[in-house]
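If you want the building blocks of each chain, they are given just below.
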Amino acid sequence: MNITRLNREIKQPINEAAQSVFISEDDLQEAKRVLGPLATNFPEENLKNTVTEIHFLAESWLDEFERKAFNGKTLSELLENGNKP
């Protein structure tokens, strides 16, 4: 991870960072539904950690793709600033 990206992620508002760390009960139930009987093989804490890691990776990859597509900005940043890609 490069320093610029690290600095940008550190400067996120606390509530936004907290939302990306904690998964909702709905997310956990969806993971259990998708895994079916296999979900019973995982302790709930491991399942929560795995879902959290997957969310983080998916969001990171999507942000990286958007920054490449939109001249260094995410779609969210473009919409907040009212800029057009």
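Coordinates for the structure precede this section.
Within each chain, residues carry numbers counting from 1 in the order of the written sequence. In keeping with the model being predicted, local features are shown solely for residues with a pLDDT of at least 70 and side-chain atom pairs are shown and tallied solely at 80 or more, while totals for entire chains, interfaces and linings include all residues. The side-chain values count all of the structure's non-hydrogen atoms but skip hydrogen atoms and water molecules.

*Asks:* How should the overall build of the protein chain be read in this particular structure?
*Replies:* A tally of helices and strands in the protein chain yields 5 helices and 0 strands. Working definition: helices are DSSP H or I runs of at least four residues, strands are E runs of at least two. Numbering for both runs from the N terminus. Across the protein chain, helices and strands are ordered from the amino to the carboxyl terminus as α-α-α-α-α. Note on contacts: a residue pair qualifies if any of its non-hydrogen atoms lie within 4.5 Å across the two residues. A separation of at least 24 residues holds for 37% of the contacts in the protein chain among residues at least 6 apart in sequence. Accessible surface area values rest on a Shrake-Rupley calculation with a 1.4 Å probe, where residue burial reflects the displayed protein chains alone. Per element, the accessible surface of the protein chain, about 6800 Å² overall, is 58% carbon and sulfur.

*Asks:* Sorry if this is basic, but what is going on with helix 4 (residues 44–69) here?
*Replies:* Because the α-helix completes a turn every 3.6 residues, residues three or four places apart line up on one side. Residue count minus one, scaled by 1.5 Å, sets the expected span of a helix. Look at helix 4: 37 Å from first C-alpha to last across 26 residues, which is about the 38 Å you get at 1.5 Å a residue. For each residue, the accessible area found with a 1.4 Å probe, counting protein chains only, is set against the maximum for its type, and the residue is called buried under 20%, exposed over 50%, and partly exposed in between. Of all the positions in helix 4, only Leu47, Val51, Thr52, Ser60, Glu66 and Arg67 are classed as buried. Trailing helix 4 by a residue or two, Asn71 shows a phi angle of about 55°, which is positive.

*Asks:* Would you take a moment to explain the side chain of Glu66 for this structure?
*Replies:* By secondary structure assignment, the location of Glu66 is in helix 4. No salt bridge forms around the buried Glu66; measuring N to O, its nearest opposite-charge neighbour Arg67 is 7.4 Å away. Once residues lying within four places of it in the same chain are set aside, the contact partners of Glu66 are Lys73, Thr74 and Leu75. We score Asp and Glu as negative and Lys and Arg as positive, and we do not count His or the chain ends. In the sections that follow, a salt bridge refers to a side-chain nitrogen of Lys or Arg positioned within 4 Å of a carboxyl oxygen of Asp or Glu.

*Asks:* Sorry, what's going on with the nonpolar core here?
*Replies:* As a rule of thumb, nonpolar side chains are buried together in soluble globular proteins. Residue types Ala, Val, Leu, Ile, Met, Phe, Trp, Tyr and Cys, when buried and joined through side-chain atoms within 4.5 Å, form a set referred to as a nonpolar core. Within the largest apolar cluster, 5 residues are counted, these being Ile23, Leu28, Ala31, Leu47 and Val51. Sorting the residues of this core by element identifies helix 3 (25–35) and helix 4 as the ones contributing at least two each. Not counting the four nearest positions on each side in its chain, Val51 is found in contact with Ile23, Asp27 and Ala31.

*Asks:* Quick question: what am I supposed to make of the environment of Asp27 here?
*Replies:* With respect to the element layout, Asp27 can be found in helix 3. For Asp27 and Lys48, which are 21 residues apart along the polypeptide, the C-alpha to C-alpha distance reads 8.9 Å.

*Asks:* Can you help me understand the environment of Ala39 in this one?
*Replies:* Within the secondary structure, Ala39 sits in the loop between helix 3 and helix 4. For Ala39 and Gln29, which are 10 residues apart along the polypeptide, the C-alpha to C-alpha distance reads 10.0 Å.

*Asks:* Sorry, what's going on with unusual backbone geometry here?
*Replies:* A negative phi angle is the norm for most residues apart from glycine, just as the trans form is the norm for most peptide bonds. The phi dihedral of Asn71 falls on the positive side, at around 55°, and the residue is not glycine. Mapped onto the elements of the fold, Asn71 is located in the loop between helix 4 and helix 5 (75–81).

*Asks:* I would appreciate a short explanation of the pattern of salt bridges in the present structure.
*Replies:* Where charged atoms of side chains with opposite charge meet at close range, the side chains can pair. Taken as a whole and judged by the stated rule, the model has 4 salt bridges. Residues Lys68 and Glu64 are paired through a salt bridge, measuring 3.7 Å at the closest nitrogen-oxygen approach. Placement of both Lys68 and Glu64 in helix 4 is noted, with a separation of 4 residues, approximately one turn of the helix. By relative accessible area, Lys68 is classed as exposed at 66%.

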